[in-house]
Amino acid sequence: AVPKTMGDKVIGGTINQTGMLYMKATRIGSETGLAQIIRLVEQAQTEKAPIQGLADRVSSFFVRLVVALGVLTFFVWMGLATSGVVDTYMDDTMGSHNSPFQFALTFTIAVIVIACPCALGLATPTAVMVGTGIGAQNGILIKGGSQLEMAHKISAVLFATTGTLTTGKPTVTEWDIFGEVSAHIHQ
């Protein structure tokens, strides 16, 4: 617990363990700590991670390539269908009432839908949004996509005993020393 005396500021979630507590609201609405946390989470969810920039660049190139492949597919299958080379196949798969145009268009749509880079362009921002949202639900605030992307490099996490990770009754339940930190402490 962090002891408070008369005149000290308290925030939402402060626990009064004994006696009476008189408080004056100095911030309301968008100025509160909770509103600032919500704003931080929203900003984190909309910030582009560095990998998202790469995904956007790849997608912009890949879209043109996919459309070009779709057009090429259309002309190849249209040529084959009008020349009669694939008549038997066309009748077996599409029925005899379909035109060469419909036959070629079917393959074109298949190529564009299957090769579309939309998943690449949507997956990264969705992953950032989900990651920061789940973190916030579990009390972990992630500042943005670039910080989330760098999280895999974390080798140690240190917590101060300020009461922010406790329920108002701080106790050490477990401790451990890892790697290089251990060498510095034992000297």
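Everything quoted here is computed from the prediction, not taken from an experiment. (Residues numbered from 1 in each chain as written. Predicted model: local features only at pLDDT ≥ 70, side-chain atom pairs only at ≥ 80, totals over all residues. Heavy atoms only, no water.)

So, on to the packing of aromatic side chains. Going through the model one piece at a time under the given rule, you end up with 5 aromatic pairs. An angle of 80 degrees between the planes, with centres 5.5 Å apart, marks the rings of tryptophan 77 and phenylalanine 103 as edge-to-face. Of this pair, tryptophan 77 sits in helix H2 (residues 50–83) while phenylalanine 103 sits in helix H4 (residues 100–115), placing them 26 residues apart in sequence. When the ring of tryptophan 77 is compared with that of phenylalanine 107, the centres are 4.2 Å apart and the planes differ by 10 degrees; the resulting orientation is stacked. Within this pair, whereas tryptophan 77 is found in helix H2, its partner phenylalanine 107 is found in helix H4, the two being separated by 30 residues in sequence. (Phe/Tyr/Trp six-rings, centres within 6.5 Å; stacked < 30°, edge-to-face > 60°. Helix = DSSP H or I, 4+ residues; strand = E, 2+ residues; numbered from the N terminus.)

What follows is about a nonpolar patch on the surface. On the surface, a nonpolar cluster with roughly 460 Å² of combined accessible area is contributed by Phe61, Leu65, Leu69, Leu72 and Val76. Along the polypeptide, phenylalanine 61 turns up in helix H2. The class of phenylalanine 61 is exposed, set by a relative accessible area of 54%. (Patch = residues over 30% accessible without salt bridge, like charges linked within 9 Å, V, L, I, M, F, W, Y side chains within 5 Å. Areas by Shrake-Rupley, 256 points an atom, 1.4 Å probe, with all protein chains shown as cover. Salt bridge = Lys/Arg side-chain N within 4 Å of Asp/Glu carboxyl O. Buried < 20%, exposed > 50% of the residue type's maximum accessible area, 1.4 Å probe, protein only.)

The geometry of a pair of packed helices is captured by two quantities: the angle between their axes and the separation between those axes. Running from N to C, H2 and H4 cross one another at 155 degrees; their axes reach a closest spacing of 8 Å. By the angle between their directions, the pair H2 and H4 is classed as roughly antiparallel. In this structure, H2 crosses over H4, and the sense of that crossing is right-handed. Within the contact between the two elements, H2 uses Phe62, Val66, Leu69, Gly70, Thr73, Phe74, Trp77, Met78, Ala81 and Thr82 and H4 uses Pro100, Phe101, Phe103, Ala104, Leu105, Phe107, Thr108, Val111, Ile112 and Ala115. (Axes fitted to C-alpha atoms, helices over the stretch in contact; angles between N-to-C directions. Parallel < 35°, antiparallel > 145°, perpendicular 65-115°, else oblique. Left-handed = near helix turned anticlockwise from the far one by under 90°. Contact = heavy atoms within 4.5 Å.)

Caution applies to low-pLDDT regions: their predicted coordinates should not be interpreted in detail. Taken over all residues, the pLDDT of the protein has a mean of 77, while the share at 70 or more is 80%. The lowest-confidence element of the protein is helix H7 (residues 179–185), averaging 57 in pLDDT; the highest-confidence one is H4, averaging 87. (pLDDT = per-residue confidence, 0-100.)

Because an α-helix completes one turn every 3.6 residues, residues spaced three or four positions apart along the sequence face the same direction. With 16 residues, H4 should reach 22 Å at 1.5 Å per residue; the first-to-last C-alpha distance of 23 Å fits that figure. Considered for burial, the residues of H4 that qualify are Phe103, Ala104 and Thr108. Take H4 and look down its axis: the buried residues cluster within an arc of 135 degrees, on one side only. The exposed residues of H4 that point more than 90 degrees off its buried face are Val113 and Ile114. (Expected span 1.5 Å × (residues − 1). Arc of directions from axis to C-beta.)

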